Amino acid sequence: MHPRRPSLLVSALLAIGSITSSGTHAAELYREPWRPQFHFTPERNWMNDPNGMVYHRGEFHLFYQYNPFGDKWGHMSWGHSVSRDLTHWEPLPLALAEENGVMIFSGSAVVDHGNTSGFGTRREPPMVALYTGHHTTRPLQNQHLAYSTDLGRTWTKYAGNPVLDLGKADFRDPKVSWHPASSQWVMAVSLPVERQIAFYTSPNLKEWRRTGTFGPAGSIKGIWECPDLFPVLVEGSRRTSKWVLIVNVGSGAPAGGSGCQYFVGEFDGQTFRPDPRSQPVTGPASNPSAEPALWADWSTDFYAAVSWSDVPQRDGRRLWLGWMSNWEYAQDVPTSPWRSAMTVPRMLTLRETPSGYRLLQQPVRELESLRTTSSRLRRASLAEATTWLSGLGDPGALVDLTAEFEGLKSDTSLSLRLHTGPGESTLLQCDVARGRLIVDRTRSGRTEFHAKFPAVHEAPVRIVEGRLRLRLLLDTSSVEVFAQDGETVTSTLVFPTGGDRRFELSATGTAPTLKRLELHRLRSAVGR
Ligand code: FRU
């Protein structure tokens, strides 16, 4: 199978080997140091939040906060890309551009199947986007609408904009979905300063009525942004679901800076009520000043995560991804000519635990199509496993690794070290006594570009019956860890400087045994 090319335009430029406008040789695009090979990145320039994620007629749309003119935040507009398999992304032209002193901030898109908005027909339903208009000449944010009748290729800003206006400076990130039980549209939208999510309903996506608010609750030190609200199936069940309210916070997350918290509960078509049983049991450890909350991700690089709407019922998955960076240093990461990547798309389910429901995240199965050579080991000591791994040679930068351990005891501290050159490594540790999963990127490569970057991040991990299951996805500049089937997740940027790669397993205290190890090398999903 041939990885798809980034775009016709880029392919054409590759063919003639020309120089692109920002000076990067086209043949080098997607070959630059730290260019992710299976995580979405824009060809060039700045990107932040995922926006307008919607499935329509075989395509997963991914819009994103984008600066068409530079590699730092500014001139916010919606970039656009589509994928048929959540793995290969085809870049499309800018969807919504900053215009007349109004930037296009974050928002969502839906397929208006019933043509309630009247912008299309029932046979050819329109795609409708709701986004925040951020006014650059006065302190005002309000909600705007745009629609497309050509499968998202071109968009028209609605003449009646704004469709929702409180006259406030901070009021943003509308996430709209169809609520079948009450046959109406529902919007969750953020009042960042108040630490509240407001709920609105509408019959036609144009007229909105407030029906409830939620918050302050959970983590409230940072401003609230980018909400999402959706039902999620309980694992193993085809019918039982709970509502999840996603609230991204601009600062105060467990690993510092921005992060993503969630609440589990009920939504009745008007407002959200949290389940009193689903509470955090521990405060985050690496940032003692962070408040206890349910965090979707415990490391630094997962923000503004929102889900795809209109995923067909026959598929049935709740799918999402996040911006893989952190507002603390996003504008300083050493990549060029682009800045920022998205995480891999992940599937969401809920797990019932002694302290209520927890969100589980697993990389979508479609990514398995990138696996090339696969190596498997069963029942080995950590030393045997390390020798076996060395025998495989340098695994390369793109790896999908699963490791299952058993026999962890209360004194076990297990380490999985990813060496990326002499004296350079990223360390993943499981400290059973403290119930912590630890990611240490202090010696992971380039870290000096921001004082907050070189750090150790800690996540609570629940060890049941001495077992630990880890799935790692490694790309050129990221380490995503899904522990205990995605009950604890860490997404971490790293910028290794380019030495040989090697894994090393070790333990202090009682050594666990390795039950199963699978190492898959991955092929690139971009470029030729
Ligand atoms: C979150 C955010 C949103 C806003 C957008 C602007 O990262 O601050 O609240 O809409 O970015 O780019």
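For clarity, every value in this text was computed on a predicted model and none was experimentally measured.

A. How the structure looks around the overall build of the protein chain. Along the protein chain, the regular secondary structure elements total two helices and 32 strands. Here the C-alpha atoms of the protein chain give a radius of gyration of 23 Å, agreeing with the 24 Å that 2.2 N^0.38 yields for 528 residues. Along the longest, intermediate and shortest principal axes, the C-alpha atoms of the protein chain span 65 × 60 × 45 Å. The proportion of buried residues among the 528 residues of the protein chain is 63%.

B. Quick peek at the state of the cysteines. Inspection of every chain in the model, using the stated rule, returns zero disulfides. Not engaged in a disulfide, the cysteine cysteine 226 finds its nearest cysteine sulfur in cysteine 260; these two sulfurs lie 9.3 Å apart. Taking the relative accessible area as the measure of exposure, cysteine 226 reaches 4% and is therefore buried.

C. Molecular detail of the side chain of aspartate 49. Residue placement: aspartate 49 occurs in strand S1 (residues 45-56). It turns out aspartate 49 is buried and unbridged, and the closest side chain with the opposite charge, arginine 172, is 7.3 Å from it. Apart from residues lying up to four places away in sequence, aspartate 49 is in contact with Phe63, Tyr64, Gln65, Ser106, Cys226, Ala304, Trp323 and Met342.

D. Quick look at the pairing of strand S28 (residues 468-475). S28 sits mainly inside the fold: seven of its eight residues count as buried. Note: strand S23 (residues 399-406) against S28, seven bridges, orientation antiparallel. Paired with leucine 401 across the strands is leucine 472, a residue of S28. Two strands pair when backbone bridges link them, and S28 and strand S29 (residues 478-483) are joined in this way by six bridges, in the antiparallel orientation.

E. Quick peek at the sheet that holds strand S12 (residues 209-214). Pairing in this open sheet of four strands is antiparallel, and the strands run S9-S10-S11-S12 from one edge to the other. Strands at the two margins of the open sheet, each flanked by one partner only, are strand S9 (172-179) and S12. This sheet shows a mean twist of 25 degrees between the axes of neighbouring strands, independent of strand direction. The pairing of strand S10 (residues 184-191) with strand S11 (residues 196-202) spans seven bridges and is antiparallel. Considered in S11, the bridge of valine 186 is made with threonine 201.

F. Inspection of the packing of aromatic side chains at higher detail. The tally for this structure, following the rule as stated, stands at 30 aromatic pairs. Centre to centre, the rings of tyrosine 329 and phenylalanine 453 are 5.0 Å apart; their planes meet at 80 degrees, and the pair counts as edge-to-face. Remark: phenylalanine 453 occurs in the loop between strand S26 (436-440) and strand S27 (456-460) and tyrosine 329 occurs in the loop between strand S18 (318-323) and strand S19 (338-339); sequence separation between them is 124 residues. The pair formed by tyrosine 329 and phenylalanine 453 is uniform in burial state, with each residue classed as buried. The structure contains a cluster of three or more aromatic residues connected by ring pairs, namely Phe40, Tyr55, Phe60, Tyr64, Tyr66, Trp89 and Trp308. Looking at arginine 35, its charged tip hangs above the ring of tryptophan 338, at a distance of 4.1 Å from the centre. The positively charged end of lysine 206 is found above the aromatic ring belonging to phenylalanine 119, 4.9 Å away from the centroid.

G. The confidence of the model for the protein chain, seen in detail. Averaged over every residue, the pLDDT of the protein chain is 93; residues scoring 70 or more account for 93%. Note on residues 1-23: pLDDT under 50 across the span, and 41 contacts to partners over four residues away in sequence or across chains.

H. Summary view of the site of the ligand. As a structural note, the neighbourhood of the ligand is formed by Asn48, Asp49, Gln65, Trp73, Met76, Phe105, Ser106, Arg172, Asp173, Glu225, Tyr303 and Trp327. In the model, an oxygen atom of the ligand is placed 2.6 Å from a nitrogen or oxygen of the glutamine 65 side chain. Taking aspartate 173, its side chain carries an N or O atom lying 2.6 Å from an oxygen atom of the ligand. Protein coverage of the free-state accessible area of the ligand, which is 320 Å², stands at 95%. Broken down by secondary-structure element, the contributors of at least two residues to the shell around the ligand are S1, strand S5 (102-111) and S9. Residue composition of the shell around the ligand, by class: five nonpolar, three polar and four charged.

I. Region of the structure containing helix H2 (residues 382-391). Every buried residue belonging to H2 is among Leu382, Ala385, Thr386 and Leu389, and all of these are buried. Seen from one end, H2 has its buried residues packed into an arc of 100 degrees, which puts them on one side. Among the exposed residues of H2, those oriented more than 90 degrees off its buried face are Ala383, Thr387 and Gly391. On the buried face of H2, the contacting elements are strand S22 (371-380), S23, strand S24 (413-421), strand S31 (502-508) and strand S32 (513-522). A positive phi of about 80 degrees marks glycine 393, the residue just after H2.

J. Looking closely at the pairing of strand S17 (residues 303-307). With respect to burial, S17 is a largely interior element, five of its five residues being buried. By the bridge criterion, three bridges tie S17 to S18 in an arrangement that is antiparallel. Counterpart to valine 306 in the pairing with S18 is leucine 321.

K. Quick look at the environment of valine 489. Turning to its location among the elements, valine 489 is positioned in strand S30 (residues 488-493). Taking the relative accessible area as the measure of exposure, valine 489 reaches 1% and is therefore buried. Sequence-wise, valine 489 and leucine 472 are 17 residues apart; in three dimensions their C-alpha atoms are separated by 9.9 Å. Residues contacting valine 489, with those up to four places away along its chain left out, are Ala296, Asp297, Trp298, Ser299, Arg346, Gln361, Val481 and Phe482.

L. Representation of the pattern of salt bridges. On inspection of all chains with the given rule, the structure shows 35 salt bridges. Residue lysine 175 pairs with aspartate 228 through a salt bridge whose shortest N-O separation is 3.7 Å. On the criterion of sequence distance, the pair formed by lysine 175 in strand S9 and aspartate 228 in strand S13 (residues 224-233) is long-range, its members being 53 residues apart. For lysine 175, a relative accessible area of 8% translates into the label buried. Of the charged contacts in the structure, one is a salt bridge between glutamate 404 and lysine 515, with a shortest N-O distance of 3.7 Å. Placement of glutamate 404 in strand S23 and of lysine 515 in strand S32 is noted, with a sequence separation of 111 residues between them. When salt bridges with common partners are traced through the structure, they connect Glu235, Arg351, Arg462, Arg469, Asp485 and Glu487 into a single cluster.

What counts, and at which threshold
- Residues numbered from 1 in each chain as written.
- Predicted model: local features only at pLDDT ≥ 70, side-chain atom pairs only at ≥ 80, totals over all residues.
- Heavy atoms only, no water.
- Helix = DSSP H or I, 4+ residues; strand = E, 2+ residues; numbered from the N terminus.
- Rg over C-alpha atoms; globule rule 2.2 N^0.38 Å.
- Buried < 20%, exposed > 50% of the residue type's maximum accessible area, 1.4 Å probe, protein only.
- Disulfide = S-S within 2.5 Å.
- Lys, Arg positive; Asp, Glu negative; His and termini not counted.
- Salt bridge = Lys/Arg side-chain N within 4 Å of Asp/Glu carboxyl O.
- Contact = heavy atoms within 4.5 Å.
- Pairing = 2+ DSSP bridges.
- Axes fitted to C-alpha atoms, helices over the stretch in contact; angles between N-to-C directions.
- Phe/Tyr/Trp six-rings, centres within 6.5 Å; stacked < 30°, edge-to-face > 60°.
- Lys NZ or Arg CZ within 6 Å of the ring centre and 35° of its normal.
- pLDDT = per-residue confidence, 0-100.
- Near = heavy atom within 4 Å.
- Polar contact = N/O pair within 3.5 Å; in protein donor to acceptor, adjacent residues only side chain to side chain.
- Areas by Shrake-Rupley, 256 points an atom, 1.4 Å probe, with all protein chains shown as cover.
- Nonpolar A, V, L, I, M, F, W, Y, C, P; charged D, E, K, R; others polar.
- Arc of directions from axis to C-beta.

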